[in-house]
Number of protein chains: 2
Amino acid sequence: MERSTQVVVSRNKSIDEQVLDVISSFNQGIKDVELKGYGREIDRTVDIYNIIKEKLGDAVSLVDVTIGSEFKDKRRISYLLFRLRKSF
Amino acid sequence: MERSTQVVVSRNKSIDEQVLDVISSFNQGIKDVELKGYGREIDRTVDIYNIIKEKLGDAVSLVDVTIGSEFKDKRRISYLLFRLRKSF
Ligand SMILES: [Zn+2]
């Protein structure tokens, strides 16, 4: 069983669907989920985080936030990465 | 002299202008700048942070990141808040 997985936020899936992707990972026994959004998906990333936090409460904790940028197709794109951990 | 100020990211001003707003605050002697973006401005907030960090390097540090939501006009809106501190 993986201990950690990464979910890259997409504009082509609903926010609710992506919330469920993260919760399903936790329910499958994965301890840490990295939720990463690039560029225009960054605001959705925060929405998804807020909904997960609202649904799971103390059962999930935000252990790290990373902000940075990467080069894609020779142009720089910002990203936001949340590391979420299932608490119990 | 204020020790701290808040800059709320706007879609009506260019990213460069908002980068300069933050840098100007530091140059006026303000030690901490809160950079806050709501909803669709969250991705711009991360862009602005990345450009400030690129321009100022070690002269600025990210002392806190807050993610949350507030009610505006009876609907919930996500926000992202960076607390930036001038290092020297
Ligand atoms: Zn956006």
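Above this text sits the structure in question.
Residues numbered from 1 in each chain as written. Chains lettered and ligands numbered in written order. Predicted model: local features only at pLDDT ≥ 70, side-chain atom pairs only at ≥ 80, totals over all residues. Heavy atoms only, no water.

(A) Examining the overall build of chain A more closely. Helix and strand counts for chain A stand at two helices and four strands. Ordered by position from the N terminus, the helices and strands of chain A form the series β-α-β-α-β-β. Against the globule reference of 12 Å for 88 residues, chain A gives a C-alpha radius of gyration of 13 Å, in line with a compact fold. When its C-alpha atoms are laid out on the principal axes, chain A stretches across 40 × 25 × 20 Å. For chain A, the proportion of its 88 residues judged to be buried stands at 48%. Contacts in chain A between residues at least 24 apart in sequence constitute 70% of all its contacts with a sequence separation of at least 6. Within the structure as shown, chain A displays about 4,900 Å² of accessible surface, and the carbon and sulfur contribution to it stands at 44%. Taking the average location of the 16 positive side-chain charges in chain A and that of its 14 negative ones, the two points are 4 Å from each other. (Helix = DSSP H or I, 4+ residues; strand = E, 2+ residues; numbered from the N terminus. Rg over C-alpha atoms; globule rule 2.2 N^0.38 Å. Buried < 20%, exposed > 50% of the residue type's maximum accessible area, 1.4 Å probe, protein only. Contact = heavy atoms within 4.5 Å. Areas by Shrake-Rupley, 256 points an atom, 1.4 Å probe, with all protein chains shown as cover. Lys, Arg positive; Asp, Glu negative; His and termini not counted. Charge placed at Lys NZ, Arg CZ, Asp CG, Glu CD.)

(B) A look at the coordination of the zinc ion. Coordination of the zinc ion by the protein involves Asp43(A) (OD) and Asp43(B) (OD), with metal-donor separations of 2.3 to 2.4 Å. Placement of Asp43(A) in helix H2 (residues 42-56) and of Asp43(B) in helix H2 (residues 42-56) is noted, with the two residues assigned to different chains. A single burial state applies to Asp43(A) and to Asp43(B), both of which are buried. (Donors = N, O, S within 2.8 Å, 3.2 Å for Na, K, Ca; no water.)

(C) Up close: the packing of aromatic side chains. Summed over all chains, the structure comprises four aromatic pairs over all chains. Ring centres 5.1 Å apart and planes at 45 degrees place the aromatic pair Tyr49(B) and Phe82(B) in the tilted group. Of the two residues, Tyr49(B) is situated in helix H2 and Phe82(B) in strand E4 (residues 75-86); the sequence distance between them amounts to 33 residues. Comparing Tyr49(B) with Phe82(B) shows no difference in burial state: the two are buried. The residue whose ring lies beneath Lys72(A) is Tyr38(A), and the NZ or CZ to ring-centre distance is 3.9 Å. (Phe/Tyr/Trp six-rings, centres within 6.5 Å; stacked < 30°, edge-to-face > 60°. Lys NZ or Arg CZ within 6 Å of the ring centre and 35° of its normal.)

(D) A look at the sheet that holds strand E4 (residues 75-86) of chain A. Strand order in the open sheet made by the four strands is E1-E2-E4-E3 (chain A), with mixed pairing throughout. With one partner strand each, in any of the chains shown, strand E1 (4-8) and strand E3 (60-72) of chain A form the two edges of the open sheet. Between one strand axis and the next, the sheet turns by 20 degrees as a mean value, whatever way the strands run. Examined bridge by bridge, E3(A) and E4(A) share twelve bridges and lie antiparallel to one another. Following the sheet pairing, Ile67(A) is matched in E4(A) by Leu80(A). Across the sheet, H2(A) touches strand E2 (32-38), E3 and E4 of chain A, and the angle it forms with E4(A) is around 5 degrees. H2(B) contacts E3 and E4 of chain A of the sheet and is inclined by roughly 110 degrees relative to E4(A). (Pairing = 2+ DSSP bridges. Axes fitted to C-alpha atoms, helices over the stretch in contact; angles between N-to-C directions.)

(E) Representation of the packing of helix H1 (residues 15-27) of chain A against H2(A). Residues and elements named next belong to chain A. Close contact between H1 and H2 brings their axes to 9 Å; oriented N to C, the two are set at 55 degrees. Taken together, the axes of H1 and H2 are oblique relative to one another. As for the relative orientation of H1 and H2, their crossing is right-handed in sense. Facing H1, whose interface residues are Ile15, Gln18, Val19, Val22, Ile23 and Phe26, H2 presents Arg44, Asp47, Ile48, Ile51, Ile52, Lys55 and Leu56. Its residues placed into classes, the contact of H1 with H2 shows nine nonpolar, one polar and three charged. (Parallel < 35°, antiparallel > 145°, perpendicular 65-115°, else oblique. Left-handed = near helix turned anticlockwise from the far one by under 90°. Nonpolar A, V, L, I, M, F, W, Y, C, P; charged D, E, K, R; others polar.)

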